[in-house]
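These are the residues of each chain, in order.
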Amino acid sequence: MSTDVHRTDPSTDVSSAGVASTGGLAAEDRGGVPRPLLLTLALLAAVAPLSTDLYLPSFPQLASDLGTTETGAQLTLTMFLIGLAAGQLVFGPLSDRLGRRRPLLAGVVLCIAAGVVAVAAPTLWVLALARLVQGLAGSAGMVLGRAVITDLTRGRVAAQALSLMMIVGGVAPVLGPSVGGLLAGPLGWRGLLGIVLALTVLMLVTVLAFVPESFPAEQRAAERAAAADRPSAWQALASRRFVGYTLAFALGFSVMMTYISASPFLYQDQMGLSEAAYGLVFGVNALALVVVSAISARLVAVHPVRRLLTVGLTLVLVACLVLLALVLADVPAGWFALPIFVAVGSLGLVMGNGTALAMSAVPHARGSASAVLGALQFGLGGVVSVLSGLGEGAIGQAVVMAACAVAAVLALALAGRAPLDD
């Protein structure tokens, strides 16, 4: 198939007079994303986070099989998150120079090779190294999927497409432990990592079939020629709009990563749920995220994107503060489920809209912007995963979730105060 597609003019600066002052995105809808391509990009966004969490319920078995401790098992997750954060900083800028398709294919092939090693790993350190490489390579799908969408669309159309992607990609970190809880017994941790390997093979097939080159050589050359009249990409990435929206998005995601990393201990140890019940609770929260993401994709057609993001982060903040109050009041752990449900569901208004606003702030360095967005997203996710286990009971989780929610709202305020041509 042809590797070039019709695209909007990326030289059109969405920070100019055509920007809706309430949303920071172009008021005009431009372009669109074909459904097969959108589904493929959603798969790219889902595979990496799904491989982060699918095998969480099998950690005790993994530790036993490889002769390590719970901390050793968690190391394999930490290594993956490190790779996921670092890899985006490589693939994003690289794609601004070489285009999207070639780096994406290289990343997917490397991810498949690392997945084979992970499934067959004889020791903890081989598994940890394979997971590091798997994260590095798998990050290509996430960072370049966002870049492809913003190559092809602008404004509300971009926000809508990103929200639809989040229905699949955003729910994956929440749905992963649900599926893993049901399959950990019959398949074991190797079987769960085998599912991840199969998904990366499917990812390669769909990329070959449906993902064109959305940033062709002539367009890259035109943007390089125009770059002399603009600030450098890194100067643009330092703008208050980009920093504010990126932090708001990443800190919102950190609320979810805190919940995910602490959830086995909260639901199984404190609430006394079985593995299957744990998976069911995760499924309910995942459904909330899916439903709200779908609603967000519809609302963005008639409401400013920034307003939807503000509502989402406000709901997340209130829910996290209620959770913290319940934990400090030492109420029965079962009461924690309700504010967690509200916080996770409300992130459906945050993930796609936050991404669209951050990417719109740097229209001439979309690959690099997507890289910074993703690296910060999973870098912070790795940090909060560790912090959530501090303290007794659910206090660490509640404090970290509330702190991230407060910081996300402050970051949104920072972006909102910045002039649109910052």
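Residues numbered from 1 in each chain as written. Predicted model: local features only at pLDDT ≥ 70, side-chain atom pairs only at ≥ 80, totals over all residues. Heavy atoms only, no water.

Two residues of an α-helix separated by three or four positions point the same way, owing to the 3.6 residues in each turn. Along its 29 residues, helix H5 (residues 124-152) runs 42 Å from first to last C-alpha, staying within 8% of the 42 Å computed at 1.5 Å per residue. Most of H5 is tucked away: 23 of the 29 residues are buried. (Helix = DSSP H or I, 4+ residues; strand = E, 2+ residues; numbered from the N terminus. Expected span 1.5 Å × (residues − 1). Buried < 20%, exposed > 50% of the residue type's maximum accessible area, 1.4 Å probe, protein only.)

Time to look at the environment of Ser254. Looking at the element boundaries, Ser254 is found in helix H10 (residues 240-270). Residue classification places Ser254 among the buried residues on the basis of a relative accessible area of 0%. Between the C-alpha atoms of Ser254 and Gln377, which are 123 residues apart in sequence, the distance is 7.2 Å. Contact partners of Ser254, with chain neighbours within four places excluded, come to Leu380, Gly381, Val384 and Cys404. (Contact = heavy atoms within 4.5 Å.)

For the rest of this paragraph, the subject is a nonpolar patch on the surface. Taken together, the side chains of Leu280, Val284, Val311, Leu315, Leu338, Phe341 and Val342 present a nonpolar region at the surface, about 590 Å² in accessible area. At three residues, helix H13 (residues 337-346) tops the list of elements feeding residues into the nonpolar patch. Take Val311: it is sitting in helix H12 (residues 305-328). The exposure class assigned to Val311 is partly exposed, which follows from its relative accessible area of 41%. (Patch = residues over 30% accessible without salt bridge, like charges linked within 9 Å, V, L, I, M, F, W, Y side chains within 5 Å. Areas by Shrake-Rupley, 256 points an atom, 1.4 Å probe, with all protein chains shown as cover. Salt bridge = Lys/Arg side-chain N within 4 Å of Asp/Glu carboxyl O.)

For the rest of this paragraph, the subject is the packing of helix H1 (residues 35-53) against helix H3 (residues 70-98). Put simply, H1 and H3 touch, their axes get as near as 9 Å, and they point 160° apart. Considered as vectors, H1 and H3 are oriented roughly antiparallel to each other. As for how H1 packs across H3, the hand of that crossing is left-handed. Contact with H1, carried on its side by Ala48, Ser51 and Thr52, involves Leu77, Phe80, Leu81 and Leu84 of H3 and no other residues of that element. Taken together, the residues of the contact of H1 with H3 sort by class into five nonpolar, two polar and no charged. (Axes fitted to C-alpha atoms, helices over the stretch in contact; angles between N-to-C directions. Parallel < 35°, antiparallel > 145°, perpendicular 65-115°, else oblique. Left-handed = near helix turned anticlockwise from the far one by under 90°. Nonpolar A, V, L, I, M, F, W, Y, C, P; charged D, E, K, R; others polar.)

Here the focus is the confidence of the model for the chain. In this model, the chain carries a mean pLDDT of 81, and residues with pLDDT of at least 70 account for 85%. Note on residues 1-31: pLDDT under 50 across the span, and 90 contacts to partners over four residues away in sequence or across chains. (pLDDT = per-residue confidence, 0-100.)

A full pass over the atoms with the stated rule returns two aromatic pairs. Ring geometry for Tyr259 and Tyr267: centres 6.5 Å apart, planes at 85°, overall edge-to-face. The residues Tyr259 and Tyr267 share a single accessibility class, namely buried. (Phe/Tyr/Trp six-rings, centres within 6.5 Å; stacked < 30°, edge-to-face > 60°.)

Inspection of the entire model under this criterion finds two salt bridges. With a shortest N-O distance of 3.0 Å, Asp96 and Arg100 are connected by a salt bridge. For the pair Asp96 and Arg100, one class covers both residues: buried. Between Arg100 and Asp151 there is a salt bridge, and its shortest N-O distance comes to 2.8 Å. Of this pair, Arg100 sits in the loop between H3 and helix H4 (101-120) while Asp151 sits in helix H5, and the two are 51 residues apart along the sequence. With respect to class, Arg100 is no different from Asp151; both count as buried.

If you trace the backbone, Pro264 turns up in helix H10. Residues Pro264 and Gly181, spaced 83 residues apart in sequence, show a C-alpha to C-alpha distance of 9.9 Å. Leave out the neighbours within four places in its chain, and Pro264 touches Asp269 and Tyr278.

The next thing to look at is the packing of helix H11 (residues 275-299) against H13. Relative placement of two packed helices is described by the angle separating their axes and the distance separating the axes. Running from amino to carboxyl end, H11 crosses H13 at an angle of 35°, the nearest separation of the two axes being 7 Å. For the crossing formed where H11 meets H13, the hand is right-handed. The segment H11 lies against H13, with Val284, Asn285, Ala288, Leu289 and Val292 engaging Ile340, Phe341, Val344 and Gly345.

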